[in-house]
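# Structural overview
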Amino acid sequence: MSDLGRMGNSSVERTKIAVLGMGHVGLPTALGLAELGWDVIGADSNPETVATLKSGKSWFYEPDLEPLLQKHLASGRFTPSDDVDGAIASATVLFVCVGTPQGDDGKADLTQIESIARMVARNLNGYKLIVEKSTVPAITAQWVKKTIARYSRVEPSLVGKGNGHGNGSQAAKPGKRVRAASTQPYFDVASNPEFLQEGRAIENFFKPDRIVIGVESERARELLEAIYRPLNCPIVVTNITTSELIKHAANAFLSTKISFINMVSDICEAVGADVVNVAKGIGLDPRIGTGFLSAGIGFGGYCFPKDLRAFMHLGEEHGADCALLKEVERINLRRTDIFLKKVRKALWVPQGKTIAVLGLAFKPRTDDIREAPALKIIKALLKEGASVRVYDPEAMPNARHVLPEEPGRVTYCRTAYETATGAHALLLLTEWKEFKELDLHRVRDLMEVPILVDGRNLYDPADASRAGFEYHSMGRDSVLHHFPVLTNVRPAVRRRQAATPAKLEKATTKLRAVAN
Ligand code: UDX
């Protein structure tokens, strides 16, 4: 164990950690903990996932992840295993990072959580701290506790007291020393929600804004504080249900911010204002904050859409009025339609047109396409008889499973420039940095018709217009009236002419003279 992991407490020093579930949350968490000096088993019931990890590769794209994986396979502090029972049996702290997908009714499907609880029950060979990291509805921990107690036949009075003997008097008092591990089978359940963003998971792990821990015992609290202390950030300690709720409330609030700015975006468009500047203007007020105010085609991914529904479901089940969140979801679902309307307006008839699409992932720096707005948009355009040429720096292998290559209809390209070639319109659907850095003049020259519909407000309207595009974006003036665009002119001439309005004017006069 490194210095970071040494806490000067005998029970803590012996602690071994198992992270259960090697997904987008589990793997970065396990590697982060290994980097902090802990011995970590990364358990997953999928042998293929484990074999991939053992070979030093991640099964999904996440910046900075693979070097850390290779480092800790070599240091011996990270051990991938498909023996989940074995991992549970040999560890003291178990971080549960399995999936909580959405059930048919919007409710979170907790099958995998229950299954882990039962596995813990049959491997309860001493004290264990079971830490929920997956996003779960409030009160899930109570069920985890009941399930473990039920299947392991631990006396319910021994659960969650944190002293090994069922004596609640030591519970959650600051400054109390934790006793050495008992051989008696007993356990604590805690909640420690993750706030990792895909594409920034490693960065987020080492520089968290805060750590939230929900505990019922002093022992659980000390263990978790010891684990996270080296990160040197505020630690919010609450009861378990509050901690579970914090995660849902955080995601619901961020989703609300996005839907709010998207609503403002529609108003901006209607009255001729600029939503990017509105976001800046309101965001600099610290009570509002600049983050999560980018208008566009809406939020996707594995968390926001699913967690919003699960939170509403929980609220409604308990009689709370969740109309606000319903509206947040409704606004989000309409974003792709609003974008498609723009595309139709620009193209007039999509049927028979070739549309270039930049970006498939639900956001940049990930290969994740779950609930990606880009895929909904592409499917709608295909239905209307258009063909698509698509490119994403990382998400194409995943996209091929749900959007297979079809000659003449769906073409996967190797670069953004290849994608634009011969297209009647270019749609920007994920704001990857490499798309921001494209040579727009070159892109324009490759296209059949220079229409650019920017679903993420990635480009400066004036730049796009100067490059000769008919440019449409979200909640902003397209500035077409500042820079009239000529079409049906040879590309090289077009580029020069499009450079400034004065040049454009001159070129137009010249063309008119030739025509007359
Ligand atoms: C989210 C939470 O941010 C994270 O704390 C939690 O742990 C998991 O869920 P993630 O799903 O990885 O993380 O992505 P995030 O960066 O939050 O973006 C979610 C979606 O919102 C993306 O589709 C993104 O494009 C969209 N978004 C984000 C906007 O449309 N506008 C914004 O201003 C910000």
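Fair warning: this is a prediction, and the values are worked out from it, not measured in the lab.

Rules and cut-offs
Residues numbered from 1 in each chain as written. Predicted model: local features only at pLDDT ≥ 70, side-chain atom pairs only at ≥ 80, totals over all residues. Heavy atoms only, no water. Near = heavy atom within 4 Å. Polar contact = N/O pair within 3.5 Å; in protein donor to acceptor, adjacent residues only side chain to side chain. Areas by Shrake-Rupley, 256 points an atom, 1.4 Å probe, with all protein chains shown as cover. Helix = DSSP H or I, 4+ residues; strand = E, 2+ residues; numbered from the N terminus. Nonpolar A, V, L, I, M, F, W, Y, C, P; charged D, E, K, R; others polar. Pairing = 2+ DSSP bridges. Axes fitted to C-alpha atoms, helices over the stretch in contact; angles between N-to-C directions. Contact = heavy atoms within 4.5 Å. pLDDT = per-residue confidence, 0-100. Parallel < 35°, antiparallel > 145°, perpendicular 65-115°, else oblique. Left-handed = near helix turned anticlockwise from the far one by under 90°.

### Points about the site of the ligand
Close to the ligand lie 19 residues; Glu194, Gln197, Glu198, Ser294 and Lys363 are nearest. Between Leu293 and the ligand, the recorded distance is 3.3 Å, taken from a backbone N or O atom to an oxygen atom. Contact with the protein chains hides 93% of the accessible area of the ligand, taken as 660 Å² for the molecule alone. Among the elements that make up the shell around the ligand, the one with the highest residue count is helix α10 (residues 240–271) (three residues). A per-class count over the shell around the ligand returns nine nonpolar, five polar and five charged.

### With respect to the sheet that holds strand β13 (residues 451–454)
In spatial order, the strands read β11-β10-β9-β12-β13-β14; together these six strands make up an open sheet with parallel pairing. Each of the sheet's edge strands pairs with one partner strand only, and the pair in question is β11 (410–412) and β14 (470–472). In this sheet, neighbouring strand axes are inclined to one another by 20° on average, regardless of whether the strands run parallel or antiparallel. Bridge analysis of strand β9 (residues 354–358) against strand β12 (residues 425–428) gives four bridges, and the strand direction is parallel. Following the sheet pairing, Ala356 is matched in β12 by Leu426.

### Observations regarding the environment of Leu196
By the secondary structure assignment, Leu196 is in the loop between β6 (187–191) and α8 (201–206). Each C-alpha atom, one on Leu196 and one on Thr29, is 9.0 Å from the other, the two residues being 167 residues apart in sequence. Apart from the residues within four sequence positions on either side, Leu196 is in contact with Val25, Pro28, Thr29, Ala201, Asn204 and Phe205.

### Digging into the confidence of the model for the protein chain
Predicted confidence across the protein chain gives a mean pLDDT of 87, with 84% of residues reaching 70 or more. A low-confidence stretch, residues 1–13 stays under pLDDT 50, and its non-local contacts, those more than four residues away or across chains, total 31 contacts. Here residues 163–182 scores under 50 on pLDDT; set against residues more than four positions off or in separate chains, the count is 46 contacts.

### A look at the packing of helix α12 (residues 304–317) against helix α13 (residues 323–347)
At their nearest, the axes of α12 and α13 sit 10 Å apart, and the two run at 155° to each other. Taken together, α12 and α13 sit at an angle that is classed as roughly antiparallel. Crossing hand, α12 versus α13: left-handed. The residues of α13 that touch α12, namely those facing Leu308, Arg309, Phe311, Met312 and Glu316, are Leu325, Lys326, Val328 and Glu329. When grouped by side-chain class, the residues that make up the contact of α12 with α13 number five nonpolar, no polar and four charged.

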